[in-house]
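# Commentary on secondary and tertiary structure
Letter by letter, the chains look like this.
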Amino acid sequence: MHWASTFAERIIAERGEKKEYVCESGVTPSGFCHIGHFREAITTSLVALALKDMGYNSRHIHMWDDYDRFRKVPSNVPANYSEYIGLPDYKVPDPEGCHNSFADHFMEPFEVSLSEAGMKPDFLRASDQYKNGIYRDNIKISLDKKEKLIELLNSQRGGEKIAADWYPVSVYCPKCGKDMTRITSFDGEYSLSYSCKCGFQETADIRKANYIKLKWRVDWPSRWAQLGVDYEPYGKDHGTQGGSADTGQKIIQEIFNKPPIIGATYEFVSLKGASGKMSSSKGNVVLPSDILSVMEPDVLRYLFVKTKPTKELKIALDLDFLNVYDEFDRVETTYFGDEEINKREKYDKLYEFSNIWGYNTLPAQPSFRFMAVLVQITSDVDRIIKILKKEGHIKSELSETDVERIKTRARLAANWVKLYAPDMIKFELLTEPPKIELSMEQKEALKVISDLIQGEDLTDVELHNRIYEIATGIPIEPKILFGAIYQVLIGKESGPKAAAFINALEKDFVVERFRSY
RNA sequence: GGGCUCGUAGCUCAGUCUGGCUAGAGCACCGGCCUUUUAAGCCGGGAGUCGGGGGUUCAAAUCCCCUCGAGCCCGCCA
């Protein structure tokens, strides 16, 4: 059974039958939302999908923690932003001025990527929720049970204990907007007194003040309780024992009197070859949009669908990238093919959970590997399609979706070659014959090949075989002959599989080039 | 110090929850396919003490205990 379905079963079993199950993901938009945050969202989305797959209603909510305080200035932001420290993220201005706020600046591109990857969660903002007073009751409860909270949190804490004058809430000063406030007393009813560094002080009525926020450890379970969250995954930094997920589960039960949620720890995501945790300050963040610029969204989904959350996921952008694509195509073929039942069942959810286009027949599968060659020959999609047909990669009748996919892959392959392909597979067709000296045998062989291809159309295999025959006839070492072919075409000692490569090129161009020596 | 995850073929991993036929896949490798496939061929093949030890069981990669190794997390960074 697929891991997402296993979670779905557990949710139903432990939380009971419900009209609708709520699966939550959440991110603090205090910097770029990277591919690790993407895992948070897609892990949630897939479990919600698995619930639907089993015939239940589910909702994926994504919480933007834009009410968290602006804690430190990220490295890519002007240093004078230190003046905003203490404000909630949604009130900090966008350093580039293109969005309403600092938070929006990072939220918007992430939402776009989620959408491209087939996810449409309900996006909620913590700032809105607090402003609307959704957590007012929980604030009251938390203040009333302050001693119990301190006791509970202290029992989980190794080092320094929480002091008795601790409060489970912080106050964003209504005058300066920052949380540089110190709570001085709570009367046990509704009056909370505090003073701010800016000089402002008051006794606020917690039934009316909409600038009081629960502290993180309490905020999280409060939200679970309030929104009826059934499931939420979290990164392993939160999942550690005594961590916020752990104390959250205790708090929701002992303070808010609700059952624990189904939690799940997931491993980190990184680029193959990279090490360490991603962080914007280290400058090693990989954004979902980075991956989506070279990989189709269903293939990206496939990576997360097939990798259990507890497994570290290393995304390869080097040559292994091509293998992932091949693998995806195989899974797709198997899904639509008449393979033996067993194998199909195994692959079914893998593909179903990845496929966001709703394909119901096998779409065209232009090999990404070959596309990486073609896009270096031409940027003309029609010509690429012509070559793909001629080379037998795709059938002659194409649907609109087939053409769309080919266009997409061509665009992505071009990006991949430009951004990530190793030098070995990069080449450039030489517009003029390079000034090089070839041996008599090489010249002769090129001439014979040019005569051959001018005379008739050969398949890759035929041409390939003939090249070897020619080499034997001259005679010339195949290796030396291939060297000549690549040298005169792309100025390198090696290149794409010769026969398919030659067949993909304009015939006249090749003939003329081979004869110019 | 506390905790989590992982350790299965050369490499990347399935399989472990619900113990059961000769432990699988992809890649790599080797061999053959017309003396021949540089970055899309085809067919076949070898290969694993399932980290180690002990226990439970008719039966263990799978469950329990111990142990070794690797990686990672630990007061609002997924």
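Quick notes on the rules
- Residues numbered from 1 in each chain as written.
- Chains lettered and ligands numbered in written order.
- Predicted model: local features only at pLDDT ≥ 70, side-chain atom pairs only at ≥ 80, totals over all residues.
- Heavy atoms only, no water.
- 1 Å grid on protein atoms, 1.4 Å probe; cavity = no way out; pocket = protein on both sides within 12 Å on 5 of 7 lines; lining within 4 Å.
- Points joined across faces, edges and corners; volume = space filled by probe spheres on them.
- Nonpolar A, V, L, I, M, F, W, Y, C, P; charged D, E, K, R; others polar.
- Helix = DSSP H or I, 4+ residues; strand = E, 2+ residues; numbered from the N terminus.
- Buried < 20%, exposed > 50% of the residue type's maximum accessible area, 1.4 Å probe, protein only.
- Contact = heavy atoms within 4.5 Å.
- Polar contact = N/O pair within 3.5 Å; in protein donor to acceptor, adjacent residues only side chain to side chain.
- Near = heavy atom within 4 Å.
- Core = buried A, V, L, I, M, F, W, Y, C linked by side-chain atoms within 4.5 Å.
- Domains from an automatic or database assignment.
- Salt bridge = Lys/Arg side-chain N within 4 Å of Asp/Glu carboxyl O.
- Buried area = accessible area lost by both parts, 1.4 Å probe.
- Pairing = 2+ DSSP bridges.
- Axes fitted to C-alpha atoms, helices over the stretch in contact; angles between N-to-C directions.

### Quick word on empty space enclosed by the protein
Under the defined criterion, the tally for this structure stands at one cavity of 30 Å³ or more. Here the largest cavity defines a volume of roughly 50 Å³. Taken together, Tyr130, Gly133, Ile134, Tyr135, Arg136, Ile139, Ile206, Ala209, Asn210 and Ile212 form the lining of the largest cavity. For the lining of the largest cavity, the class distribution of residues is seven nonpolar, two polar and one charged.

### As for the environment of Asp230
Inspection of the secondary structure assignment puts Asp230 in the loop between α7 (216–227) and β9 (231–235). Its relative accessible area of 0% is what places Asp230 among the buried residues. On a C-alpha basis, the gap between Asp230 and Ile467 in space is 65 Å, while along the polypeptide they are 237 residues apart. In this view, Asp230 contacts Ile11, Arg15, Lys18, Glu20, Tyr21, Val22, Ile261 and Ile262; residues no more than four positions away in its chain are not counted. Separated by 2.7 Å, the side chains of Asp230 and Arg15 make a polar contact. A distance of 2.8 Å separates a polar side-chain atom of Asp230 from the backbone nitrogen of Val22.

### As for the protein's contact with RNA strand B
Close contacts around RNA strand B come from 43 residues, with Gly235, Lys236, Asp460, Phe482 and Lys497 the closest. The sugar-phosphate portion of RNA strand B accounts for 52% of its atoms within 4 Å of the protein, the bases making up the rest. One nitrogen or oxygen atom from the side chain of His464 is found 2.9 Å from a base nitrogen belonging to RNA strand B. At the level of elements, α2 (35–53), α7, β9, α8 (236–239), α18 (460–473) and α19 (478–490) are the ones that each hand at least two residues to the surface near RNA strand B.

### Remarks on the nonpolar core
Core analysis: the largest hydrophobic core is formed by 116 residues, its most contacted members being Phe38 and Trp416. In terms of residue count, α2 provides more of this core than any other element does, nine residues in total. If you count residues domain by domain, this core takes at least three from each of domain 1 (288–424) and domain 2 (440–516). Setting aside chain neighbours within four positions, we find Trp416 in contact with Val294, Leu317, Asp318, Leu319, Phe321, Leu322, Phe368, Ala372, Ala421, Pro422 and Ile425. Within the second largest apolar cluster, 41 residues are counted, among which are Met63, Tyr67, Ile255 and Ile261.

### Some words on the pattern of salt bridges
A complete count under the given rule lists 34 salt bridges for this structure. Residues Arg405 and Glu332 are paired through a salt bridge, measuring 2.8 Å at the closest nitrogen-oxygen approach. On the criterion of sequence distance, the pair formed by Arg405 in helix α16 (residues 400–419) and Glu332 in helix α12 (residues 320–336) is long-range, its members being 73 residues apart. Accessibility expressed as a relative area gives 2% for Arg405, which makes it buried. In this structure Glu332 comes out as buried when scored by relative accessible area, which is 0%. A salt bridge links Glu506 to Arg383, with the shortest nitrogen-to-oxygen separation between them at 3.5 Å. Remark: Arg383 occurs in helix α15 (residues 381–390) and Glu506 occurs in the loop between α20 (498–504) and α21 (507–515); sequence separation between them is 123 residues. The exposure class assigned to Arg383 is buried, which follows from its relative accessible area of 18%. Here the salt bridges share partners, and the residues they tie into one network are Glu24, Asp65, Asp68, Lys213, Asp219 and Arg223.

### Considerations on the domain arrangement of chain A
Under the domain assignment, chain A is made up of domain 1 (288–424) and domain 2 (440–516). Computed from C-alpha atoms alone, the centre-to-centre distance between domain 1 and domain 2 is 30 Å. On the domain 2 side, the residues contacting the 10 residues of domain 1 number nine residues. Summed over both sides, the interface of domain 1 with domain 2 buries roughly 730 Å², with 51% coming from carbon and sulfur. A per-residue breakdown of the area domain 1 buries against domain 2 is headed by Ile377, Arg383 and Glu391, which together make up 50% of the total. Where domain 1 meets domain 2, there are one salt bridge. Across the contact surface, domain 1 and domain 2 share five residue pairs in polar contact (both at pLDDT 80 or more). Counting only elements with at least two residues in the side of domain 1 that touches domain 2, the list comes to α14 (368–377) and α15. Per-element accounting of the side of domain 1 that touches domain 2 gives the leading share, four residues, to α14.

### Digging into the sheet that holds strand β5 (residues 181–186)
Sheet architecture is open: three strands sit in the order β5-β6-β7, paired in antiparallel fashion. Each edge of the open sheet carries a strand with a single partner, namely β5 and β7 (201–205). Sheet twist, expressed as the average angle between the axes of neighbouring strands with direction ignored, equals 30°. Strand direction decides the pairing type here: β5 and strand β6 (residues 191–196), joined by five bridges, are antiparallel. The residue of β6 that forms the bridge with Arg182 is Ser195.

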